Amino acid sequence: MKWLPKISLLAAMTMALAGAPMAFATGAHAATTRYEAESAPAVCDGVIASDHSGYSGGGFCDTTNAVGSSAQLTVSAPAAGTATLVIRYANGTTANRPADIGVNGTTVRSGLAFEGTGAWTTWATRSLPVQLNAGTTTVRLAATTAGGLGNIDYVEVTTGGGDGSPTDSNIRFVDRWDTRDSGAYVPGWAGAYLTTKFTGTTVKLRQRNAIDLYYSIDGGPDVYLQNVRGTVNLTPAPLAAGTHSLRVSYRVVAGSYHGDAVFQGLVLDPGARTLPAEPSRGMVEFVGDSITVGTTTSKNALTAYGWLVGEQLGLDHMQVAQGGACLVSATDGCVGLDRRFVKVSAADGAVDHDFTRYQADVVVINLGTNDTGHGVSTTQFQTSYTELLRTIRARYPEAAILALETFRGRFVPQTQAAVQTVNDAGDHNVFFVDTGGWVPANGLTDAVHPNDIGHRAIAARLAPIVAAHLAPSGASTSTSGGASYTCNPAPAPDASAPVDFSGAENGAGCAPG
């Protein structure tokens, strides 16, 4: 994933202080414009104040304490249709200060709640869908109680949000998805997920046939649903009106989806729309077998080390992994990632993945545990590993590639030799990672598969190494010719505790071998 430049804070502040509406590009089909309550032609039944910090622009509207006191703004839209209003306010009292919301003189929402925010310096937002005219529209907030309105900072107007269909550009499909059918997107590998934002109070998921899945709303804990089909209600208790985030992931068993993992769209409230998901810091892809899938852990892919590392570092993350997979495509039928890596899934006959959809910043390989049981020779393994490294480099020209020592210590010299071969050929952004001692004694379910404790321990070791290779220019990689590279971080902290890797330094724990 290419890194994008940040918007100039100075430019944004200059626009706000000048009183001009601020426009924000939020997606291919959505645009947001901010209208400050203190800037003409806005009208405030009270005073424009600046005595409470945290506001945007040059101040805020502090209305008189009376029924009917109001803040009125004139907004614009390129075409008639549904838009989302986001109202930023502060209410330092403990009492609700509701308002009637009027559009061009017609009340479209009566008594919209503006609850206390805890302090006049603590700002919150309320949102609602409205119908706007093409051109200008007057939006008026009128108090319904003697306390007047809360302090009104601004109103943001988002037009052209998405409809929740599979082709909706505001939905981000992470990992490899088969998108050939515009009405039904199918995830191909373990740990694939979709994420978006939406307005309104409810959201439902359209599923073709029965499936087990996890979903999270507004960053909350993942909720597990089993054997659901058709229109699946993800909000049995309606949410507060506003803008919310959603993530959906389908449960896997040994790399295969447990049911019919076919996404057919979202069902939103009347007038509600999707908005673009939050962007990530970057992208990391994990290539492996059942260990990378998360087999034997409590939530499979969601409690595997790859998912944990991605979440801890704020990255989009993919698990291109299959239970029982080998590196080498063996004659006895073992699924070989040397050939299947370029595919949209591990299924026989799967189409090639479109690598123009995204570019990984870091690729982590954990392969070789299963090849011993399928008659793969050391020579064949080393040759296939070298070719896989070259295949990944051809698809991700700028990614750092980390070749993990398998946790059972299989084919270690051959893995190191493959890394050395591509280093000697001039690719110095490929590294061998010594994983000795990463899995604690109580971190295994059986002789092969880490449990939740084991995966947390692996993530605690691996996350700083991944973080070290997220520099936009690849500054953390060595340019000395012909070296092999070993990344071996400091001893891991308590694997039972969450770990903050935000302070990891580029290059930490990696050195030429």
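Below or above, wherever it landed, is the structure these notes cover. (Residues numbered from 1 in each chain as written. Predicted model: local features only at pLDDT ≥ 70, side-chain atom pairs only at ≥ 80, totals over all residues. Heavy atoms only, no water.)

This paragraph deals with the packing of helix H5 (residues 378-395) against helix H6 (residues 412-424). In a packed pair of helices, the relevant descriptors are the angle between the two axes and the axis-to-axis distance. Direction vectors running N to C along H5 and H6 enclose 40°, while the axes themselves pass 9 Å from each other. Viewed along their axes, H5 and H6 adopt a mutual orientation that is oblique. Where H5 crosses over H6, the two elements pack in a sense that is right-handed. Across the interface between the two elements, Thr378, Phe381, Gln382, Tyr385, Thr386, Leu389 and Arg390 from H5 touch Gln414, Thr415, Ala417, Ala418, Val419, Thr421 and Val422 from H6. Among the residues making up the contact of H5 with H6, the classes are represented as 7 nonpolar, 6 polar and 1 charged. (Axes fitted to C-alpha atoms, helices over the stretch in contact; angles between N-to-C directions. Helix = DSSP H or I, 4+ residues; strand = E, 2+ residues; numbered from the N terminus. Parallel < 35°, antiparallel > 145°, perpendicular 65-115°, else oblique. Left-handed = near helix turned anticlockwise from the far one by under 90°. Contact = heavy atoms within 4.5 Å. Nonpolar A, V, L, I, M, F, W, Y, C, P; charged D, E, K, R; others polar.)

Soluble globular proteins tend to pack their nonpolar side chains together in the buried interior. In terms of nonpolar packing, the biggest core is built from 45 residues, with Phe341, Val363, Ile365, Tyr385, Leu389, Ile392 and Tyr396 touching the most fellow members. The set of elements that each furnish at least two residues to this core consists of strand S24 (283-288), strand S25 (316-321), strand S26 (362-366), H5, strand S27 (400-404), H6 and strand S28 (430-433). For this core, the element with the most residues is H5, which contributes 5 residues. If sequence neighbours within four positions are ignored, Ile392 has contacts with Phe341, Val363, Ile365 and Ile401. Ranked by size, the runner-up nonpolar core spans 28 residues in total, among them Val75, Phe114, Leu141 and Val157. (Core = buried A, V, L, I, M, F, W, Y, C linked by side-chain atoms within 4.5 Å. Buried < 20%, exposed > 50% of the residue type's maximum accessible area, 1.4 Å probe, protein only.)

Before going further, it helps to examine the state of the cysteines. For the structure shown, the criterion picks out 2 disulfides. Each sulfur of the disulfide joining Cys44 and Cys61 lies 2.1 Å from the other. Here the disulfide of Cys44 and Cys61 is right-handed, its torsion about the S-S bond being about 85°. With Cys44 in strand S3 (residues 43-44) and Cys61 in strand S5 (residues 60-63), this residue pair connects regions lying 17 residues apart in the sequence. Assigned by exposure class, Cys44 and Cys61 land together as buried. The disulfide bridge from Cys326 ends at Cys334, spanning 2.1 Å between sulfur atoms. (Disulfide = S-S within 2.5 Å.)

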